Amino acid sequence: KNEVEQSPQNLTAQEGEFITINCSYSVGISALHWLQQHPGGGIVSLFMLSSGKKKHGRLIATINIQEKHSSLHITASHPRDSAVYICAVGNTGNQFYFGTGTSLTVIP
Amino acid sequence: GAVVSQHPSRVICKSGTSVKIECRSLDFQATTMFWYRQFPKKSLMLMATSNEGSKATYEQGVEKDKFLINHASLTLSTLTVTSAHPEDSSFYICSAGAPTSGSLKQFFGPGTRLTVL
């Protein structure tokens with residue numbers, strides 16, 4: 001069993017739809033990251049959070065420490081949001097665990 | 001937020017050559033840097049952890065003589081893939097850690113795509 005589970009693995013949405021990607025983890029963490037990887041491979045750090053909720057533009061990330069669950073939401077999705085979204089958790093021992101990613105395709 | 005850069009972003013080399021990838025923390029001092037490798041259709045896997053001024057700690061199965069890591073300063077770590085072969089083609093990502101309030105915050109670099117012909 002992986003320490004970090006993401007769902008769904010693949011997601012196709014129409015432009016404008018509200019999108020949610022989920023991440024569940026089984027280890028104690030100091031921080032959770034959401035990363036975006038575009039088709040060329042480049043990684044962009046979207047959020048790092050250890051509690052509550054963060055918002056940046058059309059992106060919102062939430063985390064529930066008690067339930068060991070985080071969600072990444074994209075409002076008013078756009079084709080340029082098409083990418084792989086990776087959830088990563090770091091524990092207090094500085095170990096990192098990565099989800100296998102969610103491949104998002106937004107259709108115009 | 002903190003920025004971590006990697007150079008080059010893409011590199012293509014011939015089999016048998018060595019390739020150096022740099023990871024820099026641009027606006028903070030990174031006491032610890034991590035190197036990851038991403039295999040096709042799989043998630044990132046930790047290769048090694050490097051602390052400034054000391055030898056890197058390699059994960060099981062990672063050849064230390066093949067993947068040389070140097071953390072010469074608090075803002076720079078390098079990964080050298082020696083005598084590269086096609087199976088070394090991959091996406092390599094570094095992250096830099098900065099101690100903050102007793103914990104380590106990590107910031108990811110954008111990654112380097114290595115293609116070995």
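Definitions and cut-offs
- Residues numbered from 1 in each chain as written.
- Chains lettered and ligands numbered in written order.
- Predicted model: local features only at pLDDT ≥ 70, side-chain atom pairs only at ≥ 80, totals over all residues.
- Heavy atoms only, no water.
- Helix = DSSP H or I, 4+ residues; strand = E, 2+ residues; numbered from the N terminus.
- Rg over C-alpha atoms; globule rule 2.2 N^0.38 Å.
- Buried < 20%, exposed > 50% of the residue type's maximum accessible area, 1.4 Å probe, protein only.
- Contact = heavy atoms within 4.5 Å.
- Areas by Shrake-Rupley, 256 points an atom, 1.4 Å probe, with all protein chains shown as cover.
- Lys, Arg positive; Asp, Glu negative; His and termini not counted.
- Charge placed at Lys NZ, Arg CZ, Asp CG, Glu CD.
- Salt bridge = Lys/Arg side-chain N within 4 Å of Asp/Glu carboxyl O.
- pLDDT = per-residue confidence, 0-100.
- Polar contact = N/O pair within 3.5 Å; in protein donor to acceptor, adjacent residues only side chain to side chain.
- Buried area = accessible area lost by both parts, 1.4 Å probe.
- Nonpolar A, V, L, I, M, F, W, Y, C, P; charged D, E, K, R; others polar.

Enquirer: So what exactly am I meant to see when it comes to the overall build of chain B here?
Expert: When you go through chain B residue by residue, the secondary structure sums to zero helices and 11 strands. Reading chain B from its N end, one meets helices and strands in the order β-β-β-β-β-β-β-β-β-β-β. Relative to its length of 117 residues, chain B is compact, with a C-alpha radius of gyration of 14 Å against a globular reference of 13 Å. Taking the principal axes of its C-alpha atoms as reference, chain B extends roughly 45 × 25 × 25 Å. Relative to its full complement of 117 residues, chain B shows a buried share of 49%.

Enquirer: Is there a simple way to think about the overall build of chain A in this case?
Expert: Of the regular secondary structure elements, chain A holds zero helices and 11 strands. The C-alpha atoms of chain A give 13 Å as radius of gyration, which agrees with the globular expectation for 108 residues (13 Å, within 12%). Oriented by its inertia axes, the alpha-carbon framework of chain A measures out at about 45 × 25 × 20 Å. The burial tally for chain A puts 46% of its 108 residues in the buried class. Counting contacts in chain A only where the partners sit at least 6 residues apart, residues at least 24 apart contribute 54% of the total. By element, 50% of the accessible surface of chain A is carried by carbon and sulfur atoms, the whole surface being about 5100 Å². Charge centroids of chain A, computed over 7 positive and 6 negative side chains, lie 9 Å from each other.

Enquirer: I keep staring at the pattern of salt bridges and nothing clicks. Help me out?
Expert: Two side chains bearing opposite charge may form a pair once their charged atoms approach each other closely. Per the counting criterion, the structure on display carries three salt bridges over all chains. A salt bridge links A:Asp81 to A:Arg58; the shortest N-O distance between them is 2.8 Å. Taken together, the residues A:Asp81 in the loop between strand S8 (69-74) and strand S9 (83-90) and A:Arg58 in the loop between strand S6 (52-56) and strand S7 (59-64) connect sequence positions 23 residues apart. Residue classification places A:Asp81 among the buried positions, given a relative accessible area of 6%. Notably, a salt bridge pairs B:Lys66 with B:Asp88, separated by 2.7 Å at the nearest N-O pair. Within this pair, whereas B:Lys66 is found in the loop between strand S6 (57-58) and strand S7 (67-73), its partner B:Asp88 is found in the loop between strand S8 (76-81) and strand S9 (90-100), the two being separated by 22 residues in sequence. Per residue, the accessibility class of B:Lys66 equals that of B:Asp88, and both read buried.

Enquirer: I tried to follow the confidence of the model for chain A on my own but got confused; where do I start?
Expert: In regions of low pLDDT, the predicted coordinates are not meant to be interpreted in detail. Here chain A averages 90 in pLDDT, and 95% of its residues register 70 or above. By mean pLDDT, strand S10 (residues 96-98) of chain A is the weakest element of chain A at 83, and S8(A) is the strongest at 98.

Enquirer: Before we go on, may I ask you to explain the environment of B:Ser25 in this structure?
Expert: Residue and element names in this part refer to chain B. As for its placement among the helices and strands, Ser25 is situated in strand S3 (residues 19-25). Ser25 sits in the buried class, given a relative accessible area of 4%. Remark: the alpha-carbon pair of Ser25 and Ala72, spanning 47 residues in sequence, is separated by 13 Å. Ser25 has contacts with Val3, Val4, Ala30, Met33, Leu74, Thr75 and Ala96, leaving out every residue within four places of it along the chain. Among the polar contacts listed, one links the side chain of Ser25 to the backbone oxygen of Leu74, at a separation of 3.5 Å.

Enquirer: Please clarify how the interface of chain A and chain B should be interpreted in this entry.
Expert: Taken together, the contact between chain A and chain B spans 15 residues of the former and 16 residues of the latter. For the pair chain A and chain B, the two sides together bury roughly 1400 Å², of which 61% comes from carbon and sulfur. Across the contact surface, chain A and chain B share two residue pairs in polar contact (both at pLDDT 80 or more). Counting residues per element, the ones that place at least two in the side of chain A that touches chain B are strand S4 (31-37), strand S5 (43-49) and S10 of chain A. Among the residues making up the side of chain A that touches chain B, the classes are represented as six nonpolar, nine polar and no charged.

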